[in-house]
Amino acid sequence: MFESIQKRKQDEQRFIEEGRMPPGQSYTQRFPVLHYGPVPHFDPAKWDFKVWGEVEIPLNLTWEQFNELPRTQLKMDIHCVTRWSKFDTLWEGVSVRTLVELGMVKPLPSAKYVLQHAEYGFTANLPLEIVLAENFLLATHYDGVPLSPDHGHPLRGVVGAIPDKPEVKTPYLWKGAKWLRGLEFLPEDKLGFWEEAGYHNEADIWKEQRFAR
Ligand SMILES: Nc1nc2c(c(=O)[nH]1)N[C@H]1C(S)=C(S)[C@@H](COP(=O)(O)O)O[C@H]1N2
Ligand SMILES: [Mo]
């Protein structure tokens, strides 16, 4: 018990010294669950994933087809607006950047923002620049195993900080939609669910952009 508390403090100190702890945050080893509403049921036969809006050709993939896409592993620090930070979390899934590089998704020049659409009409908005960056992933796995229902099974958007790359723009964790079903490319920004509720639109962890007002 005493040892584990000491170890926790040492770890927290190390992340602070390494410059990985944003202002107002504190270290957690747990993985809290936060969302509005119930956890949806997943039916692989009915599930699909759509990309539409400001793209050359809309995309509509079944669960089986989604699983054939090239995959990426990513280690990130995730920062929740409720003030917990979790370090070196391991994610696996499909990077939007990869889909663009392969020509599967071709954003039009007019595409500037992306709205993630999830079950029950939940949405989260991000600039295209962040969706195409290496720290945003369409994740199916966390820590080597499929996402738990609570954390967004079968698919979620996830965004975090890359430990050695402080220059990569990083928003708080709420900007990744759990139970994700599609991406809408947009010419203009459209506020998501939490942004409508008063959370900051940019949500930069280093600038502590938590609330809009
Ligand atoms: N579909 C959906 N995704 C969501 C939310 C939600 O309410 N619905 N909440 C967001 C918020 S506020 C946070 S902090 C993170 C929490 O992710 P976690 O439960 O895996 O920690 O999910 C985000 N994604
Ligand atoms: Mo949150």
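Quick caveat, the model's predicted, so the values are computed rather than measured.

Okay, the site of ligand 1 next. With respect to spatial proximity, 19 residues lie near ligand 1, and among them Pro 32, Tyr 36, His 151, Arg 156 and Lys 178 are the closest. One of the side-chain N or O atoms of His 151 is found 2.6 Å from an oxygen atom in ligand 1. Contact distances for ligand 1 include 2.8 Å between a nitrogen atom and a backbone N or O atom of Gly 176. Burial of ligand 1 by the protein amounts to 98% of the accessible area it has alone, namely 530 Å². Across the shell around ligand 1, the residue classes break down as 14 nonpolar, three polar and two charged.

Positionally, Gln 116 belongs in strand β6 (residues 113-118). For Gln 116, the side chain forms a polar contact with the main-chain nitrogen of Ala 177, separated by 2.9 Å.

Quick look at the packing of aromatic side chains now. Enumeration over the complete set of coordinates arrives at 21 aromatic pairs. Between the aromatic rings of Phe 31 and Trp 91, the centroid separation amounts to 6.2 Å while the plane-to-plane angle is 90°, which identifies the pairing as edge-to-face. Pair noted here: Phe 31 is in the loop between β1 (26-27) and β2 (48-53) and Trp 91 is in strand β5 (residues 84-94), with a separation of 60 residues, a long-range link. The interplanar angle of 65° and the centroid separation of 5.3 Å between the aromatic rings of Phe 49 and Phe 66 together place this pair among those described as edge-to-face. Of this pair, Phe 49 sits in strand β2 while Phe 66 is found in helix α2 (residues 63-66), placing the two residues 17 residues apart along the sequence. When sorted by exposure, Phe 49 lands in the same class as Phe 66, which is buried. An aromatic cluster of at least three residues, connected via ring pairs, comprises Tyr 36, Phe 122, Tyr 172, Trp 174, Phe 193, Trp 194, Tyr 199 and Phe 211.

Tallied over the full model, the rule gives 15 salt bridges. Here Glu 92 makes a salt bridge to Arg 71, at a shortest N to O gap of 2.8 Å. Of this pair, Glu 92 sits in strand β5 while Arg 71 sits in the loop between α2 and β4 (72-79), and the two are 21 residues apart along the sequence.

Looking at soluble globular proteins, one finds that nonpolar side chains tend to be buried together. Phe 49, Phe 66, Leu 138, Leu 183 and Phe 185 are the most contacted members of the largest nonpolar core, which has 31 residues in total. Leave out the neighbours within four places in its chain, and Phe 185 touches Val 51, Trp 52, Gly 53, Glu 54, Val 55, Val 96, Val 105, Pro 107, Ala 111, Tyr 113, Val 114 and Leu 128. If you look at the next biggest cluster of nonpolar residues, it comprises 14 residues, including Leu 74, Trp 84, Tyr 142 and Leu 173.

Sheet architecture is open: five strands sit in the order β3-β2-β11-β6-β7, paired in mixed fashion. Two strands lie at the open edges of the sheet, namely β3 (59-62) and β7 (123-127), each paired on one side alone. On average, each strand axis in the sheet is inclined to that of its neighbour by 15°, with strand direction left out of account. In this structure, β2 lies alongside strand β11 (residues 180-186), joined through four bridges in parallel fashion. Across the sheet, the residue bridging to Gly 53 is Phe 185, located in β11.

What counts and what doesn't
Residues numbered from 1 in each chain as written. Chains lettered and ligands numbered in written order. Predicted model: local features only at pLDDT ≥ 70, side-chain atom pairs only at ≥ 80, totals over all residues. Heavy atoms only, no water. Near = heavy atom within 4 Å. Polar contact = N/O pair within 3.5 Å; in protein donor to acceptor, adjacent residues only side chain to side chain. Areas by Shrake-Rupley, 256 points an atom, 1.4 Å probe, with all protein chains shown as cover. Nonpolar A, V, L, I, M, F, W, Y, C, P; charged D, E, K, R; others polar. Helix = DSSP H or I, 4+ residues; strand = E, 2+ residues; numbered from the N terminus. Phe/Tyr/Trp six-rings, centres within 6.5 Å; stacked < 30°, edge-to-face > 60°. Buried < 20%, exposed > 50% of the residue type's maximum accessible area, 1.4 Å probe, protein only. Salt bridge = Lys/Arg side-chain N within 4 Å of Asp/Glu carboxyl O. Core = buried A, V, L, I, M, F, W, Y, C linked by side-chain atoms within 4.5 Å. Contact = heavy atoms within 4.5 Å. Pairing = 2+ DSSP bridges. Axes fitted to C-alpha atoms, helices over the stretch in contact; angles between N-to-C directions.

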